[in-house]
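# Architecture and fold: a report
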Amino acid sequence: MRATLALLRYSLVNSLRYRIDVVGSTFSPILWVLPAVLMAMWAERIGLIGDFAEVTGTYNYIAFFLIGGVYWNFVEAVWGIAFSLREQMFTGTLENLWASSIRRLGIIIAWSLASLLAATIFSIIAIAVVGVTVGLDVGGDPRWGIAISVFVLSLIASYGFAFLLFGLTLRFKDAENIVNIIANVAPLLGGIIFPVTLLPLPLRFFSYALPFTWGLDALRGVLLGAETILPLTMQVILIAVLAAFFIGFGWIAFIALERRARREGLSIF
Amino acid sequence: MGMRIDKMRGLWALFKCELLYWRVYPLNLINDFIGYFTWIAPFLFAATLFGDYKDFQIFIAVGLILWNWLVIFFWGVGYGVRHTIDQGVLESIAASPTSVHTLLIAKALISLVQNIFATASILFWLWLLLGLTLEAHWGKLFLIVALSSVALSGLALIFAAFVIWVKEAASIGDIIHQCLGLLSGITFPVYILPAGVRVLSSLIPLTYAIKGARNAVLGECIVLEAMMLVLFAVITVPLGWYLVSAADRKLRQSGTWGEY
């Protein structure tokens, strides 16, 4: 436990050491969704916002896009720690870390908690900035209890992804491309700024296999009253089932891949 | 004359080195073929939220494709120096008969190749997934793209000088390229921005690149945009060249070329 907390403290200090990175990460959620928000503002001016409301079930495009950006910020904060592992490989400190008294799960938890803490601060700032500048009103009667449950289940599923990507990165030294492809494709398949029902059917199958697709859709449903793909209760149960599957599968895959990687040598890079 | 031949040989060697990188890591090509499209695809699909208007979607697509040109030049040329530092070969190049300027020209050329590849892949995915095809006055479009390449390369040189100076500039580079995209109207016409912000937009070459490309697609006049891009090229390229020279000189004096 102490070792895990020490690694968490190190991760936080390391993140804050590069202040320009902190500035960049602070504005990242806003800058990511702003092109979509401005596109919607223009569409509203030329009378196309009705189509948006018909597809999404809400006129509140600012909240619609911002929820996607903030949600993805948290999800990515967890499974994005595969890049931290890659960094350890680059700096030649992976074997030292693996040979230390920190448990594997402790390493993952330490890194992910540091990322989640940063994501929380940056997301609060993003929401505050949007609220102050253009106003942010989710409207209606948001069901915060269900929203929090969906959010927590999404994070559990994200840990499953983190385990899997960790294992792949350890086992395959050129896993960086695999992780990059996943990182590039995931926002598209997850529907951060549009409902996945707009995707062509073959891509939609991949979308539906991701728990984040259902999580984000459910969040918009409970916070904005937007239409959900399935009835909300069914969707929450589905997220829970997918989260349980991914965390179990991810952990088993990680153990198997790590065992194989250690047999071949972790220092080969 | 002999020195010029040396520099050309050096340029060709550095350019070939960058090309070989793709041959050695073919998965990078596959990643790029998918990645360039998936990076902008969320905005393209978001555009379909406002109805099945192909003109609206093409308008958005053109802005995003030109933004992608900026990003590739920015990171390929501007941050390419950082990659060379990471590989530990920058000091060797700086000490060779070539120069860091030659390195940056090689990176600009490879970024141009990358941009052509990226645009082709994006147009392919646009056709396959969204049923969109680009129809334009191709002569005008090629002229705008060619002028944009020079102007954006100049901007990338300025960023490269900054990277050489501060060494670690990934996050600030992220903010800069995203802000440049927002100010240039990648997913909307610039006129919807407040008047004060529009002044900033008018100072960015990407704004004219996007407007010119959109006009070319509509078959409209591109003279103003072409002239502005020429003006930006005349300003940014020499300025970037000078700043890189200044950064080079400073680092040689302090002996910190190879430092992180």
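Residues numbered from 1 in each chain as written. Chains lettered and ligands numbered in written order. Predicted model: local features only at pLDDT ≥ 70, side-chain atom pairs only at ≥ 80, totals over all residues. Heavy atoms only, no water.

### Some points on the overall build of chain B
A count of helical and extended segments in chain B gives eleven helices and zero strands. By the compact-globule yardstick of 18 Å for 260 residues, chain B fits well, its C-alpha radius of gyration being 19 Å. Overall, the C-alpha framework of chain B stretches about 60 × 40 × 35 Å when taken along its three principal axes. For chain B, the proportion of contacts with a sequence separation of at least 24, taken over those separated by at least 6, is 80%. A total accessible area of about 11,500 Å² is found for chain B, and carbon and sulfur atoms account for 70% of it. (Helix = DSSP H or I, 4+ residues; strand = E, 2+ residues; numbered from the N terminus. Rg over C-alpha atoms; globule rule 2.2 N^0.38 Å. Contact = heavy atoms within 4.5 Å. Areas by Shrake-Rupley, 256 points an atom, 1.4 Å probe, with all protein chains shown as cover.)

### A look at the packing of helix α7 (residues 138-166) of chain B against helix α11 (residues 223-254) of chain B
All names here are of chain B. Contact geometry for α7 and α11: axes closest at 7 Å, N-to-C directions at 25°. By the criterion of interaxial angle, the relationship of α7 to α11 is roughly parallel. In this structure, α7 crosses over α11, and the sense of that crossing is left-handed. Residues of the contact of α7 with α11, tallied by class, amount to 22 nonpolar, four polar and two charged. (Axes fitted to C-alpha atoms, helices over the stretch in contact; angles between N-to-C directions. Parallel < 35°, antiparallel > 145°, perpendicular 65-115°, else oblique. Left-handed = near helix turned anticlockwise from the far one by under 90°. Nonpolar A, V, L, I, M, F, W, Y, C, P; charged D, E, K, R; others polar.)

### Some thoughts on the nonpolar core
Counting 177 residues, the largest nonpolar core has A:F65, A:W79 and B:F50 as its most contacted members. Here the element with the most residues in this core is helix α3 (residues 54-78) of chain B; it accounts for 17 residues. Those residues in contact with B:F50, other than ones at most four positions away along the chain, are A:M39, A:A40, A:A43, A:L48, A:I49, A:D51, A:F52 and B:F56. (Core = buried A, V, L, I, M, F, W, Y, C linked by side-chain atoms within 4.5 Å. Buried < 20%, exposed > 50% of the residue type's maximum accessible area, 1.4 Å probe, protein only.)

### Describing the interface of chain B and chain A
Between chain B and chain A, the contact holds 34 residues from the first and 37 residues from the second. Across the chain B to chain A interface the summed buried area is about 3,400 Å²; carbon plus sulfur atoms make up 77%. Linking chain B with chain A are zero salt bridges, by the criterion used here. Of all the secondary structure elements, the ones that give two or more residues to the side of chain B that touches chain A are α2 (26-47), α3 and α8 (170-184) of chain B. Looking at which element gives the most residues to the side of chain B that touches chain A, the answer is α2(B), with twelve residues. Looking at the side of chain B that touches chain A residue by residue, the classes come out as 25 nonpolar, nine polar and no charged. (Buried area = accessible area lost by both parts, 1.4 Å probe. Salt bridge = Lys/Arg side-chain N within 4 Å of Asp/Glu carboxyl O.)

### Examining a nonpolar patch on the surface
Nonpolar side chains collect at one region of the surface, where B:V230, B:L231, B:V234, B:I235, B:L239 and B:Y242 lie side by side and expose about 550 Å² of accessible area between them. Given the relative accessible area of 43%, B:L231 is considered partly exposed. (Patch = residues over 30% accessible without salt bridge, like charges linked within 9 Å, V, L, I, M, F, W, Y side chains within 5 Å.)

### Some words on helix α1 (residues 2-17) of chain A
All names here are of chain A. For α1, with 16 residues, the first-to-last C-alpha span of 22 Å sits near the 22 Å given by 1.5 Å per residue. When α1 is considered as a whole, its buried residues turn out to be T4, L7, L8 and S11. With its buried residues spanning 105° around the axis, α1 presents them on a single face. Opposite the buried face of α1, at more than 90 degrees from it, the exposed residues are R2, R9, V13, L16 and R17. (Expected span 1.5 Å × (residues − 1). Arc of directions from axis to C-beta.)

### Description of the packing of aromatic side chains
Tallying each qualifying case throughout the model produces 37 aromatic pairs over all chains. When the centroid spacing of 5.2 Å and the interplanar angle of 50° are considered together, the rings of A:F161 and A:F212 count as tilted. Residue A:F161 is located in helix α8 (residues 144-171), and its partner A:F212 is located in helix α11 (residues 211-224); the two are separated by 51 residues in the primary sequence. Taken as a pair, A:F161 and A:F212 share a single burial class, namely buried. Look at B:W75 and B:F159: their rings are 6.0 Å apart centre to centre, the planes differ by 80°, and that puts the pair in the edge-to-face class. Pair noted here: B:W75 is in helix α3 and B:F159 is in helix α7, with a separation of 84 residues, a long-range link. (Phe/Tyr/Trp six-rings, centres within 6.5 Å; stacked < 30°, edge-to-face > 60°.)

### Observations regarding the pattern of salt bridges
Under the defined criterion, the tally for this structure stands at six salt bridges over all chains. Ionic pairing is found between B:K107 and B:E18, a salt bridge with its closest N-O pair at 2.6 Å. Placement of B:K107 in helix α6 (residues 100-130) and of B:E18 in helix α1 (residues 2-24) is noted, with a sequence separation of 89 residues between them. In this structure, B:D52 engages B:K54 in a salt bridge whose closest nitrogen and oxygen atoms are separated by 3.4 Å. With a relative accessible area of 36%, B:K54 lands in the partly exposed category. Each of A:R104, A:E258 and A:R262 takes part in one network of salt bridges that share partners.

### As for the side chain of B:S99
Within the secondary structure, B:S99 sits in the loop between α5 (90-95) and α6. Beyond its immediate chain neighbours, meaning those up to four positions away, B:S99 contacts B:K7 and B:I93.

### What to know about the confidence of the model for chain B
On average, residues of chain B score 88 in pLDDT, and 97% of them reach the 70 mark or higher. For this predicted complex, the interface score ipTM comes out at 0.88, while the overall pTM is 0.87. (pLDDT = per-residue confidence, 0-100.)

### Overview of the environment of B:M227
All names here are of chain B. Checked against the element boundaries, M227 lands in helix α11. For M227, a relative accessible area of 53% puts it in the exposed group. Separated by 116 residues in sequence, M227 and S111 have C-alpha atoms that sit 23 Å apart.

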